[in-house]
Amino acid sequence: MKAAVYHCPEKVRLEEVSLPRIKEGEVLVRVKTALTCGTDRKLYLRGHPLFPPPFILGHEFAGDIVKVGKKVKKFKKGMRVVAANSAPCHHCFYCKLGKEELCENFFIRLSGAFAEYIAIPEPIVKDNLFEIPKSVSYQEAAFLEPLACVVHGIEESQIKLGDTVVINGAGPIGLLFLQLAKLQGARVIITDLSKERLSLANKLGADKTISVARVKDEVKTIRELTEGRGAAIAIEAVGSPEVWERTIAMARKGGKAILFGGCPSRTSIKIDTELFHYGELTIKGVFHHTPDYVKKAFGLICHKSTNTDSLVTERYPLSKINKVLEKIVGHQGLKFAIIP
Ligand SMILES: [Zn+2]
Ligand SMILES: [Zn+2]
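About the criteria used
- Here the residue index of a chain counts from 1 through its sequence in written order.
- Chains carry letters from A onward and ligands carry numbers from 1 onward, assigned in written order.
- pLDDT decides what is reported in this predicted model: residues at 70 or higher carry local features, side-chain atom pairs at 80 or more are listed and counted, and totals for whole chains, interfaces and linings draw on all residues regardless.
- Strands are runs of DSSP state E lasting at least 2 residues, helices are runs of H or I lasting at least 4, and numbering of each runs from the N terminus.
- In this setup the radius of gyration rests on C-alpha atoms only. A globule is expected at 2.2 Å times the number of residues raised to 0.38.
- Burial in this document is a count-based property: other C-beta atoms within 10 Å of a residue's C-beta are tallied, and the residue is buried at 20 or more, exposed at 12 or fewer, or partly exposed in between, with C-beta positions derived from the backbone.
- Throughout, a pair of residues is in contact if the C-beta atoms placed from their backbones lie within 7 Å.
- Axes here refer to lines fitted to C-alpha atoms; in helices the fit is confined to the stretch in contact. Angles between the N-to-C directions go from 0 to 180 degrees.
- Roughly parallel means an angle under 35 degrees; roughly antiparallel, over 145; roughly perpendicular, 65 to 115; everything else is oblique.
- We call Asp, Glu, Lys and Arg charged. Ala, Val, Leu, Ile, Met, Phe, Trp, Tyr, Cys and Pro are nonpolar, and the rest, Gly among them, are polar.
- This arc corresponds to the set of directions leading from the helix axis out to the C-beta atoms.
- Two strands pair under a simple rule: DSSP has to find at least two bridges between them.
- What makes a crossing left-handed is the near helix being turned counterclockwise from the far one by less than a right angle; a clockwise turn instead makes it right-handed.
- Start and end positions for the domains come from either an automated domain assignment or a database one.
- By convention the nonpolar core is taken to be a set of buried residues drawn from Ala, Val, Leu, Ile, Met, Phe, Trp, Tyr and Cys and joined through C-beta atoms within 7 Å.

Colleague: Explain the overall build of the protein to me, please; I cannot follow it from the model alone.
Modeller: When its secondary structure is counted, the protein shows 12 helices and 16 strands. Computed over C-alpha atoms, the radius of gyration of the protein comes to 20 Å, within 12% of the 20 Å expected from 2.2 N^0.38 for 340 residues, which places it in the range of a compact globule. In the protein, which comprises 340 residues, the share counted as buried stands at 47%. Within the protein, residue pairs in contact and separated by at least 24 positions form 67% of the contacts whose partners lie at least 6 positions apart.

Spelled out as structure tokens, the structure:
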């Protein structure tokens, strides 16, 4: 089969590789649509300690089952399916605590969707594989993993009706946060550098968009828009220490900062102790998803509660993978759909 194989930073080749062999509890899926994501950009530029090269890129996908292992009962050949990229072990310290996203034996973060076929490991088949209803396209279904992460962020934020929520970053993640925050009944202000992204945020229901390029002091701007107090919830969806600091400063007294975007390793931030203590701020890091969040995200996809089509900039065949990688490195567009 054809696959986009990562060899070293900035070197991905479209190659002929052997078809994945499945074990008894596994399922083989023919990929119909895969999506690019911020993680692919990071992987492409720096590699990853969890994935020794060569490996196949891509972890957001949907497709058709072409083969099932002997032990698999729930799924059959021909089913249209979508899978999340990991599954927890259910028996480690953190899983027992109910914090499955911190699982100590996290089952492989699945990679390999930028290929014609992908094997779904048994723990994922058991926990995080779903049959897609007819009314849902492969592309819509492929949003399962990022949406599950955002559902996690939204649940942690505990938005109440009428709360003002600030989202810093109008990339695919920020725009999913926007849509779910609106579903929760929030007034949403969203900030970004890009005019195109902000105009899309407008279409997707943002109450106010702020171009970071145009304002001198974003924190002050947010305070002006919130009777001088700041937002009930401030969400960081960029992954930059500077924006983390700014996000915390945008939360009102008793408010919450949700730090979602992963920053480069070995970076740190400064927090105003006075603001933190006397303002009774809650600062919450949010990472990854759990089977419960994945299930909730799948429900949202099935009920078409979010508009994900507008987050896909262009569709390309797998043969154009290097062109797509160039685009995501250059921060062009939002997400790209790869059709093997
Ligand atoms: Zn992703
Ligand atoms: Zn575990």
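Text resumes after the structure shown.
Colleague: Help me understand the packing of helix 1 (residues 38–46) against helix 12 (residues 321–329), please; the structure alone is not making it clear to me.
Modeller: In a pair of packed helices, the angle between the axes and the distance between the axes together describe the arrangement. Packing of helix 1 against helix 12 brings their axes to within 10 Å, and their N-to-C directions diverge by 100°. The orientation of helix 1 relative to helix 12 falls into the category roughly perpendicular. Residue-level contacts link Asp40, Arg41, Tyr44 and Leu45 of helix 1 to Leu325, Ile328 and Val329 of helix 12. Its residues assigned to classes, the contact of helix 1 with helix 12 shows five nonpolar, no polar and two charged.

Colleague: What am I meant to see in helix 7 (residues 195–203) here?
Modeller: Three- or four-residue spacings in an α-helix give side chains the same orientation, since the helix completes a turn every 3.6 residues. Residues of helix 7 that are buried include every one of Arg197, Leu200 and Ala201, and no others. The buried residues of helix 7 occupy an angular sector of 105° when projected down its axis, which confines them to one face. Turned more than 90 degrees off the buried face of helix 7, the exposed positions are Lys195, Glu196 and Lys203. For helix 7, the elements touching its buried residues are helix 6 (172–183), strand 10 (187–192) and strand 11 (208–211). Backbone geometry just after helix 7 places Gly205 at a positive phi near 110°.

Colleague: Could you clarify how one ought to interpret the sheet that holds strand 12 (residues 231–236) in this entry?
Modeller: Each strand in a sheet pairs with another by means of backbone hydrogen bonds, the pair being arranged parallel or else antiparallel. Taken together, the six strands give an open sheet; going across it, the order is 11-10-9-12-13-14, and neighbouring strands pair in parallel fashion. On the outer flanks of this sheet lie strand 11 and strand 14 (282–285), each paired with one strand and no other. Each strand of the sheet is rotated relative to its neighbour by a mean of 15°, with strand direction disregarded. In this sheet, strand 13 (residues 251–259) lies alongside strand 12 in parallel orientation, the contact comprising five bridges. By the bridge assignment for strand 13, Ile233 is matched with Lys256. The strands touched by helix 6 within the sheet are strand 9 (164–168), strand 10 and strand 12, with strand 10 carrying the most contacts at an inclination of about 170°.

Colleague: Would you explain the environment of Ile233 in this entry?
Modeller: Here Ile233 is to be found in strand 12. For Ile233, the contacting residues outside a window of four places in its chain are Ser157, Ile159, Asp163, Val165, Gly255, Lys256 and Ile258.

Colleague: How should I be thinking about the environment of Val286 in this particular structure?
Modeller: With respect to the helices, strands and loops of the structure, Val286 is situated in the loop between strand 14 and helix 11 (291–302). As for Val286 and Val68, which are separated by 218 residues in sequence, their C-alpha atoms are 34 Å apart. Apart from residues no more than four positions distant in its own chain, Val286 is found in contact with His152, Gly153, Glu156, Ile258, Leu259 and Phe260.

Colleague: Is there a simple way to think about the packing of helix 5 (residues 144–157) against helix 6 in this case?
Modeller: Remark: helix 5 packs on helix 6, axes separated minimally by 10 Å, with the N-to-C direction vectors making an angle of 55°. In this view, helix 5 runs oblique relative to helix 6, as classed from their interaxial angle. The handedness of the crossing between helix 5 and helix 6 comes out as right-handed. Contact residues: Pro146, Leu147, Val150, Val151, Gly153 and Ile154 in helix 5; Pro172, Ile173, Leu176, Phe177, Leu180 and Ala181 in helix 6. Of the residues contributing to the contact of helix 5 with helix 6, the split by class is 11 nonpolar, one polar and no charged.

Colleague: Could you clarify how one ought to interpret the domain arrangement of the protein in this entry?
Modeller: Interfaces are frequently sized by the accessible area removed from exposure as the parts join. Along its sequence, the protein is organised into domain 1 (2–143 + 308–339) and domain 2 (150–285). Of note, the centres of domain 1 and domain 2, computed from C-alpha atoms alone, are 29 Å apart. If you look at the interface, domain 1 gives five residues, while domain 2 gives six residues. Looking at the side of domain 1 that touches domain 2, its residues break down into two nonpolar, one polar and two charged.

Colleague: What is the right way to read the nonpolar core from this model?
Modeller: A general trend in soluble globular proteins is that nonpolar side chains are found buried together. Counting 108 residues, the largest nonpolar core has Phe114, Leu144, Val165 and Phe177 as the members making the most contacts within it. Each of domain 1 (2–143 + 308–339) and domain 2 (150–285) accounts for three or more of the residues forming this core. In this view, Leu144 contacts Val82, Ala84, Val294, Ala297, Phe298 and Ile301; residues no more than four positions away in its chain are not counted.

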